[in-house]
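Residue-level structure breakdown
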There are 2 protein chains.
Amino acid sequence: MRKVFLFMDTIINKVDAKGRVSLPSDYRAIVKDLESEIVCYRSLSLPCIEGCLEETLDKLATDIEDSTDFFSETQDNLTNLIFGDAKRFTFDSTGRIMLSEKLLKHADITDTAVFVGKGRKFQIWNPENWEKEEQRIRQEVLKNRPVLKKQKESE
Amino acid sequence: MRKVFLFMDTIINKVDAKGRVSLPSDYRAIVKDLESEIVCYRSLSLPCIEGCLEETLDKLATDIEDSTDFFSETQDNLTNLIFGDAKRFTFDSTGRIMLSEKLLKHADITDTAVFVGKGRKFQIWNPENWEKEEQRIRQEVLKNRPVLKKQKESE
DNA sequence: TTGAATCCCATAAAATACCATGTTATACCA
DNA sequence: TGGTATAACATGGTATTTTATGGGATTCAA
């Protein structure tokens, strides 16, 4: 069942007054291919929306089920935050999803959204915020370059 | 038999004078899809109602049957409480269930209820109480960041 | 027969599907 | 390779359906 799929690229799309955005066509192809659905939620650490396939979250739910017993409170907090925030977003015949007010507000998105591929996941950003974030990440990576190299060599 | 189903999102619905509440449509779709039923009971640790599919409780019962040593005596007692408390809630043609006085009282719900998805389970809260609980959880999770990270990576 | 539970109908609002158009990307052919 | 035909896509607008919710009628049991 493990099929190859990767959310990639960076795509800028308009958000209309109703909160509708075209899901990048590549993403749509993945959803159809795997017969899954898109699920989005507020990033826990960043001002952006995070998305993935429903089957990815389902796998997480199964892992939690299997690793803890029914009454365990260990993972209770986590499941509340993740599943309580996540929502299924199906796209219409023209390929658009309708983002909720809550998500748009969290990411400070008004009329334009940037889809950023992250492999098994993707993010949706306010364009200006993403630009800054990308800069930040690039610098971060450059700083840690030696460490990264050293780690790889030591393997 | 493992089909994908996830109780997600946070939905606020009115509770009328008769104690009727609309079950979120996504939840109804799951029930129909799996040809199961909704079961609710008082949370053992929190002032909220907890719900799941009847087949989820059935699975729990089977697990207990099959592996006596896995479940401690304490947990056996807990299951007694759950099964003693749990009740099936079917929804009418307009999609509403009728919560009992006992459950509403336990969760301190009067005219508004919040459904919070938890994956295989969900909770029903008094709005104000849920707001506080969500705050508490967010702080808790941020403190235990490493645990969260580990969990998220497993996606 | 009274109170409670269930069912059915009505309505407003919100979500979803559908249609039309300009634009961009892709395929095809000379 | 260059140019044109074709298909795919993003996006604005509109129509249709679904959903939540109030109210009333009917049924059932104590």
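On a predicted model such as this, the values are computed, not experimentally measured, just so you know.

So, a negative patch on the surface
- Together, Asp 108, Asp 111, Glu 128 and Glu 131 of chain A make up a region of like negative charge exposed at the surface.
- By the secondary structure assignment, Asp 111 of chain A is in the loop between α4 (101–107) and β7 (112–117).

Some thoughts on the pattern of salt bridges
- What the rule picks out here adds up to 20 salt bridges over all chains.
- Of the charged contacts, one joins Asp 85 of chain A and Lys 102 of chain A as a salt bridge, the two residues approaching to 3.1 Å between their closest N and O atoms. Linking Asp 85 of chain A in helix α3 (residues 76–85) with Lys 102 of chain A in helix α4, this pair joins segments that are 17 residues apart in sequence.
- A relative accessible area of 5% means that Asp 85 of chain A is categorised as buried.
- Arg 138 of chain B is the salt-bridge partner of Glu 134 of chain B, the closest N and O atoms lying 3.4 Å from each other. A residue pair is termed a helical-turn pair when its members lie 3 or 4 positions apart in one helix, as Glu 134 of chain B and Arg 138 of chain B do in helix α5 (residues 127–143) at four residues.
- Residue Glu 134 of chain B is classed as buried on the basis of its relative accessible area, which comes to 19%.
- Relative accessible area serves as the criterion here: at 25%, Arg 138 of chain B is assigned to the partly exposed category.
- By sharing partners, the salt bridges in this structure join Arg 42, Asp 85 and Lys 102 of chain A together with Glu 134 and Arg 138 of chain B into a single network.

A closer look at the protein's contact with DNA strand C
- Near DNA strand C the following residues occur: Arg 20, Asp 92, Ser 93, Thr 94, Arg 96 and Met 98 of chain A together with Lys 18, Arg 20, Thr 94, Arg 96 and Met 98 of chain B.
- Taken together, the sugar and phosphate atoms account for 29% of what DNA strand C places within 4 Å of the protein.
- Residue Arg 20 of chain B places a side-chain N or O atom 3.1 Å away from a base nitrogen belonging to DNA strand C.
- Of all elements in the fold, only β6 (96–98) of chain A together with β6 (96–98) of chain B reach the threshold of two or more residues within the surface near DNA strand C.
- Residues belonging to the surface near DNA strand C are distributed by class as follows: two nonpolar, three polar and six charged.

A look at the environment of Asn 129 of chain A
Residues and elements named next belong to chain A.
- As for its position among the elements, Asn 129 is in helix α5 (residues 127–143).
- Each C-alpha atom, one on Asn 129 and one on Phe 5, is 27 Å from the other, the two residues being 124 residues apart in sequence.
- Every residue in contact with Asn 129, bar those within four places of it in the chain, is listed here: Ala 107 and Asp 108.

Here we look at the protein's contact with DNA strand D
- Taken together, the neighbourhood of DNA strand D is formed by 22 residues, with Lys 18, Arg 20 and Arg 28 of chain A together with Lys 18 and Arg 28 of chain B sitting nearest.
- At 2.7 Å, a side-chain N or O of Arg 28 of chain A approaches a phosphate oxygen of DNA strand D.
- The separation between a phosphate oxygen of DNA strand D and a polar main-chain atom of Lys 14 of chain B is 3.2 Å.
- Of all the elements in the fold, those that place two or more residues in the surface near DNA strand D are β1 (10–14), β2 (20–22) and α1 (25–34) of chain A together with β1 (10–14), β2 (20–22) and α1 (25–34) of chain B.
- Residue composition of the surface near DNA strand D, grouped by class: two nonpolar, eight polar and twelve charged.

Things to note about the sheet that holds strand β8 (residues 121–125) of chain A
Residue and element names in this part refer to chain A.
- The six strands lie next to each other as β1-β7-β8-β4-β3-β5, forming an open sheet whose pairing is antiparallel. Looking at strand neighbours, the two that pair on one side only are β1 and β5 (87–89), the edges of this open sheet. Geometrically, the sheet is characterised by an average inter-axis angle of 30° between neighbouring strands, direction not taken into account.
- Where strand β4 (residues 49–53) meets β8, four bridges bridge the pair, whose relative direction is antiparallel. What sits directly across from Ile 49, in β8, is Ile 124.
- Its contacts with the sheet put helix α2 (residues 54–67) on β3 (38–42), β4 and β5, and the angle it makes with β4 is roughly 85°.

Some points on the interface of chain B and chain A
- Contact with chain B, which involves 39 residues of that partner, is made by 36 residues of chain A.
- Across the chain B to chain A interface the summed buried area is about 3400 Å²; carbon plus sulfur atoms make up 57%.
- Between the two partners, chain B and chain A, sit four salt bridges.
- In this structure, Lys 118 of chain B engages Asp 76 of chain A in a salt bridge whose closest nitrogen and oxygen atoms are separated by 3.4 Å.
- Joining chain B to chain A, the criterion identifies ten residue pairs in polar contact (both at pLDDT 80 or more).
- Listing elements by their share of the side of chain B that touches chain A, those giving two or more residues are α2 (54–66), α3 (73–85), β7 (112–117), β8 (121–125), α5 and α6 (145–153) of chain B.
- At seven residues, α5 of chain B tops the list of elements feeding residues into the side of chain B that touches chain A.
- Tallied by class, the residues present in the side of chain B that touches chain A amount to 16 nonpolar, ten polar and 13 charged.

About the criteria used
- Residues numbered from 1 in each chain as written.
- Chains lettered and ligands numbered in written order.
- Predicted model: local features only at pLDDT ≥ 70, side-chain atom pairs only at ≥ 80, totals over all residues.
- Heavy atoms only, no water.
- Patch = residues over 30% accessible without salt bridge, like charges linked within 9 Å, V, L, I, M, F, W, Y side chains within 5 Å.
- Areas by Shrake-Rupley, 256 points an atom, 1.4 Å probe, with all protein chains shown as cover.
- Salt bridge = Lys/Arg side-chain N within 4 Å of Asp/Glu carboxyl O.
- Lys, Arg positive; Asp, Glu negative; His and termini not counted.
- Charge placed at Lys NZ, Arg CZ, Asp CG, Glu CD.
- Helix = DSSP H or I, 4+ residues; strand = E, 2+ residues; numbered from the N terminus.
- Buried < 20%, exposed > 50% of the residue type's maximum accessible area, 1.4 Å probe, protein only.
- Near = heavy atom within 4 Å.
- Polar contact = N/O pair within 3.5 Å; in protein donor to acceptor, adjacent residues only side chain to side chain.
- Nonpolar A, V, L, I, M, F, W, Y, C, P; charged D, E, K, R; others polar.
- Contact = heavy atoms within 4.5 Å.
- Pairing = 2+ DSSP bridges.
- Axes fitted to C-alpha atoms, helices over the stretch in contact; angles between N-to-C directions.
- Buried area = accessible area lost by both parts, 1.4 Å probe.

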